[in-house]
Amino acid sequence: MCAVDIHIVGGGLAGSEAAWQLVKRGHKVIIHEMKKIRKSPVHKSDYFAELVCSNSLKSMDLKNAEGLLKEEMKLFNSIILTCALENRVPAGKALAVDREGFAKCVTGKLLNTGLVEIREEEVQRPGNDGIWIIATGPATDGELAKWLSDISGGMFNFFDAVAPIVSAESIDMNICYVADRYGVGTGDYINCPMEKEEYEAFWQALISAQVIEMEDFDRKLLFERCQPIEEIARSGKDAMRYGPLRPVGLINPKTGKEQYAVVQLRKENIEGSMYNLVGFQTRLKWGEQLRVIRMIPGLENVEILRYGVMHRNSYIDSPKVLDRFLRLKENPNIFFAGQITGVEGYAESAMTGLYVGLNVSRLIEGKEMIEFPKKSMCGALLDYITTAQDLKPMYANFGLLHAGKNREKASEQALNEMKKFAEELTINGKF
């Protein structure tokens, strides 16, 4: 076994999971955690794996993409899931936890191994020695954020409004039509046509809808291209018609004319199982999003796979700078894990830590690193964040698996893929 220092920057969900995957295989790790020196605005506790937003890790139901993700992670003895289940509080099908008990559990299990060294310090950049895992999350700032920006060609760090993503199969193509503006393209857009009365009713609903209030929200930190659709609407009744809903160059083959306004949907993945609403970045409350979006012709029964959100977000352009193992292309001794890679959600963040911890272990043992099956939920999510042409924060959803309507069957197939993968690793002595 090769003796090498393993440094993990950040003791959140991803950092803790990466550490666990390493120590349970007998490797010592050094966790650099700055919370006792300086806490970010969202952190309160000194424990590892602090949950800063909800206390829920979402559904455990295998018919739900989040449930499938967690079931796959169980196959690799995830410390985050183990402690979550040990500290579960009643919440129906959701895995909700006692926050403090959960964080104490993760911290205790890691420290009880005797293989974890804690360095209470703020890391400004990785050293030149050993292997480094950067798992500092979306609140990354200071000198480390500057370093990340330099090595990634510019890190995303702003109030970001993200557009909703919808299921392709829930779009009514009897109303919508496929066309590219001025006929330039290969049928990349689905278009939802609006008459004047429909547009004006939609505009009125949009400007009166409730938004999620954000602490320290500053409109000066909004890039023009990230203006929430409701902010565009408030600037004038016709603002959307001259912006993201402009009908110019789009002929509706059903009518032979340009519409009063058009909502465009663009493929979110290569297979076309998911579409995002072009220009519909928003911070509307989720119930309001569903209500307003279903006013759009052709989307009356649409299924939203990922709701639009706005938050202060920091993440790197993973497809540009990371390889398929979440390793920095220009420096193979530096790995990334957690929300800084472009995933969103507690379990998703932990999953990337699990993946990186497993592969770092294999790397220092002289074994071939592995990729999770792309037909599993874990593998599909990892594939998305390392190949997406325009990376947006993504959480587990069945659109990644091109599941269609039979989610139960898709979940079963994905889980079987991961079980087979884990069994083969064990049988071959590689796990």
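Look up: the structure comes first, before these words.
Residues numbered from 1 in each chain as written. Predicted model: local features only at pLDDT ≥ 70, side-chain atom pairs only at ≥ 80, totals over all residues. Heavy atoms only, no water.

Considering the overall build of the protein
- Across its full length, the protein carries twelve helices and 18 strands.
- The C-alpha atoms of the protein give 23 Å as radius of gyration, which agrees with the globular expectation for 431 residues (22 Å, within 12%).
- Its C-alpha atoms give the protein principal-axis dimensions of roughly 70 × 45 × 45 Å.
- Here the protein holds 431 residues, and 56% of them are scored as buried.
- Of the contacts made within the protein by residues no fewer than 6 positions apart, 70% connect residues no fewer than 24 positions apart.
- Approximately 18900 Å² of the protein is accessible, and the part contributed by carbon and sulfur atoms is 49%.
- Within the protein, the 58 negative side-chain charges are centred at a point lying 1 Å from the centre of the 54 positive side-chain charges. (Helix = DSSP H or I, 4+ residues; strand = E, 2+ residues; numbered from the N terminus. Rg over C-alpha atoms; globule rule 2.2 N^0.38 Å. Buried < 20%, exposed > 50% of the residue type's maximum accessible area, 1.4 Å probe, protein only. Contact = heavy atoms within 4.5 Å. Areas by Shrake-Rupley, 256 points an atom, 1.4 Å probe, with all protein chains shown as cover. Lys, Arg positive; Asp, Glu negative; His and termini not counted. Charge placed at Lys NZ, Arg CZ, Asp CG, Glu CD.)

Re a nonpolar patch on the surface
- Residues Tyr182, Val184 and Val248 make up a contiguous nonpolar surface patch of about 340 Å² in total accessible area.
- For Tyr182, a relative accessible area of 59% puts it in the exposed group. (Patch = residues over 30% accessible without salt bridge, like charges linked within 9 Å, V, L, I, M, F, W, Y side chains within 5 Å. Salt bridge = Lys/Arg side-chain N within 4 Å of Asp/Glu carboxyl O.)

Comments concerning the sheet that holds strand S5 (residues 94-97)
- Taken in spatial order, the three strands of this open sheet run S3-S5-S4, and their pairing is antiparallel. The sheet is open, and its two edges are formed by strand S3 (56-59) and strand S4 (88-89), each paired on a single side.
- As defined by bridge partners, S3 adjoins S5 across two bridges and the pair is classed as antiparallel. The partner of Ser59 across the bridge, within S5, is Ala94. (Pairing = 2+ DSSP bridges.)

What to know about a negative patch on the surface
- A surface patch of like charges, here negative, comprises Glu195, Glu197, Glu198 and Glu300.
- Position of Glu197 relative to the elements: it lies in helix H6 (residues 196-208).

What about the state of the cysteines?
- Under the definition given, this model contains one disulfide.
- Covalently, Cys83 is tied to Cys105 through a disulfide, its sulfur atoms 2.2 Å apart. Here the S-S torsion is close to -75 degrees, and the disulfide linking Cys83 with Cys105 is therefore left-handed. With Cys83 in helix H3 (residues 79-86) and Cys105 in helix H4 (residues 99-111), this residue pair connects regions lying 22 residues apart in the sequence. (Disulfide = S-S within 2.5 Å.)

What to know about the sheet that holds strand S16 (residues 304-306)
- What the six strands build is an open sheet, ordered S10-S11-S14-S15-S9-S16; its pairing is antiparallel. The outermost strands of the open sheet, each flanked by one partner alone, are strand S10 (177-178) and S16.
- Set on the sheet, H6 makes contact with strand S11 (189-194) and strand S14 (261-267); between it and S11 the angle comes to about 95 degrees. (Axes fitted to C-alpha atoms, helices over the stretch in contact; angles between N-to-C directions.)

What about unusual backbone geometry?
- Of note, the phi angle at Lys58 is positive, near 70 degrees, even though the residue is not glycine.
- Its location among the elements puts Lys58 in strand S3.
- Positioned with a positive phi, Tyr182 is a non-glycine residue whose angle comes to about 60 degrees.

Details of the packing of aromatic side chains
- Summed over all chains, the structure comprises six aromatic pairs.
- On the numbers, 5.7 Å between centres and 65 degrees between planes, the contact of Tyr199 with Tyr260 is edge-to-face. A residue pair is termed long-range when its members are at least 10 positions apart, and Tyr199 in helix H6 and Tyr260 in the loop between strand S13 (257-258) and S14 qualify at 61 residues.
- According to the relative accessible area criterion, Tyr260 is partly exposed, its value standing at 22%.
- With centroids separated by 5.9 Å and ring planes inclined at 90 degrees, the aromatic side chains of Phe372 and Phe421 adopt a geometry described as edge-to-face. (Phe/Tyr/Trp six-rings, centres within 6.5 Å; stacked < 30°, edge-to-face > 60°.)

Observations concerning the side chain of Ser152
- Tracing the backbone shows Ser152 in helix H5 (residues 142-152).
- At a separation of 2.6 Å, a polar atom in the side chain of Ser152 contacts the main-chain carbonyl oxygen of Leu148.
- Non-local contacts of Ser152, meaning those with residues more than four positions away in its chain, are made with Ile316, Lys320 and Val321. (Polar contact = N/O pair within 3.5 Å; in protein donor to acceptor, adjacent residues only side chain to side chain.)

Side note on the nonpolar core
- By size, the foremost hydrophobic cluster in this structure holds 94 residues, and its most contacted members are Phe102, Phe336 and Phe372.
- In contact with Phe372, not counting residues within four places along its chain, are Phe76, Met351, Leu354, Tyr355, Leu358, Cys378, Gly379, Leu382, Met418 and Phe421.
- Among the nonpolar cores identified, the runner-up in size contains 33 residues, and Phe202, Met240, Val292 and Leu299 belong to it. (Core = buried A, V, L, I, M, F, W, Y, C linked by side-chain atoms within 4.5 Å.)

So, the environment of Pro253
- Take Pro253: it is sitting in the loop between strand S12 (251-252) and S13.
- Residue class for Pro253 comes out exposed when judged on its relative accessible area of 61%.

Some thoughts on helix H1 (residues 13-23)
- Here H1 lies mainly inside the structure; eleven of its eleven residues are buried.
- Among all positions in H1, only Leu13, Ala14, Gly15, Ser16, Glu17, Ala18, Ala19, Trp20, Gln21, Leu22 and Val23 are buried.

Topic: the pairing of strand S7 (residues 131-134)
- Covered by surrounding structure in S7 are Ile131 and Ile133 together with Trp132 and Ile134, the residues of both alternating faces.
- Pairing of strand S1 (residues 6-9) with S7 involves four bridges; the strand directions are parallel. Within S7, the residue paired with Ile8 across the bridge is Ile133.

These values are about where atoms sit, not about what they do.
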